[in-house]
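Residues per chain, in single letters:
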Amino acid sequence: MCWSATADLIAGVGIMAVGAASVTLAARRPRDLPLAALPLLLGGHQIIEAAVWHNDGGTGPATVAWAVIALPLLALWVPAAVLCAAPPSARRRLLIPLAAGVATAAALTYALATRPVTAEIRGHTVGYSLGLPQPELIVIGYLLATIGSLLLSGDRGLVLFGVLVAVGAAVSFALWRQEYISTWCAFAAVCSVVLSLWVRRRRPPTPRPSGGLEP
């Protein structure tokens, strides 16, 4: 995230708290749990980046953990979670972003296994470098898997989340091109609080006790 380790830490703890509440609310709808848990994952991701700040970047375990979550894990997690929660009418078209996510995650996993990932503190931002082959194709596949699955979900709350994340991607690319991944992940983490409202809206009503006197 921008600004400092403290900002990442505070944001991460707050977003994880929202995620914990979302998971609790989604307990009665198991298909919603992967999406409800997304703020937990993204909040933890920000806490990991606080450790990257503390280590002044570099190639240590915190940098690798941050990259694993940001790159292959989210590319696969988001379309799979959307597919789980989507209405039946949308599931066939969601196989496209899921396939893109599988292919992108495989390519990113291979890159992380064979190339060092480096973090560099650049003023009030963090830049990450992996040296991806054909980065344009990777970016297209990643965006199709993540933003595309949300926009194709057929659910208004998820579409709204997708629009917010897409706007964040555009703003991050325009303002922080070299630190694009870090700033966009931070923006997505903050926007993920929208999922708590989505979970609350989808929560099944609590059954009311039947009236009348027992015999």
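Residues numbered from 1 in each chain as written. Predicted model: local features only at pLDDT ≥ 70, side-chain atom pairs only at ≥ 80, totals over all residues. Heavy atoms only, no water.

**Some points on unusual backbone geometry**
(1) Moving on: Of note, D56 is a non-glycine position whose phi angle comes to about 60°, a positive value.
(2) Moving on: Tracing the backbone through its elements, the reader meets D56 in the loop between α3 (38-54) and α4 (61-85).
(3) Moving on: Given a relative accessible area of 62%, D56 falls into the exposed group. (Helix = DSSP H or I, 4+ residues; strand = E, 2+ residues; numbered from the N terminus. Buried < 20%, exposed > 50% of the residue type's maximum accessible area, 1.4 Å probe, protein only.)

**Quick word on the nonpolar core**
Looking at soluble globular proteins, one finds that nonpolar side chains tend to be buried together.
(1) Moving on: Core analysis: the largest hydrophobic core is formed by 53 residues, its most contacted members being L35, L38, L74, F161 and W198.
(2) Moving on: Each residue touching W198, except ones within four places of it in the same chain, is listed here: D32, L35, A85, D155, G157 and L158. (Core = buried A, V, L, I, M, F, W, Y, C linked by side-chain atoms within 4.5 Å. Contact = heavy atoms within 4.5 Å.)

**Observations concerning a nonpolar patch on the surface**
(1) Moving on: Residues L151, V163, V167 and V171 make up a contiguous nonpolar surface patch of about 290 Å² in total accessible area.
(2) Moving on: It is helix α8 (residues 156-175) that contributes the most residues to the nonpolar patch, 3 residues altogether.
(3) Moving on: Relative to the helices and strands, L151 resides in helix α7 (residues 135-151).
(4) Moving on: L151 sits in the partly exposed class, given a relative accessible area of 41%. (Patch = residues over 30% accessible without salt bridge, like charges linked within 9 Å, V, L, I, M, F, W, Y side chains within 5 Å. Areas by Shrake-Rupley, 256 points an atom, 1.4 Å probe, with all protein chains shown as cover. Salt bridge = Lys/Arg side-chain N within 4 Å of Asp/Glu carboxyl O.)

**Some remarks on the packing of aromatic side chains**
(1) Moving on: Enumeration according to the criterion identifies 1 aromatic pair in this entry.
(2) Moving on: When the centroid spacing of 3.8 Å and the interplanar angle of 0° are considered together, the rings of W66 and Y128 count as stacked. Of this pair, W66 sits in helix α4 while Y128 sits in strand β2 (residues 125-129), and the two are 62 residues apart along the sequence. (Phe/Tyr/Trp six-rings, centres within 6.5 Å; stacked < 30°, edge-to-face > 60°.)

All we've got here are geometric facts, nothing functional implied.
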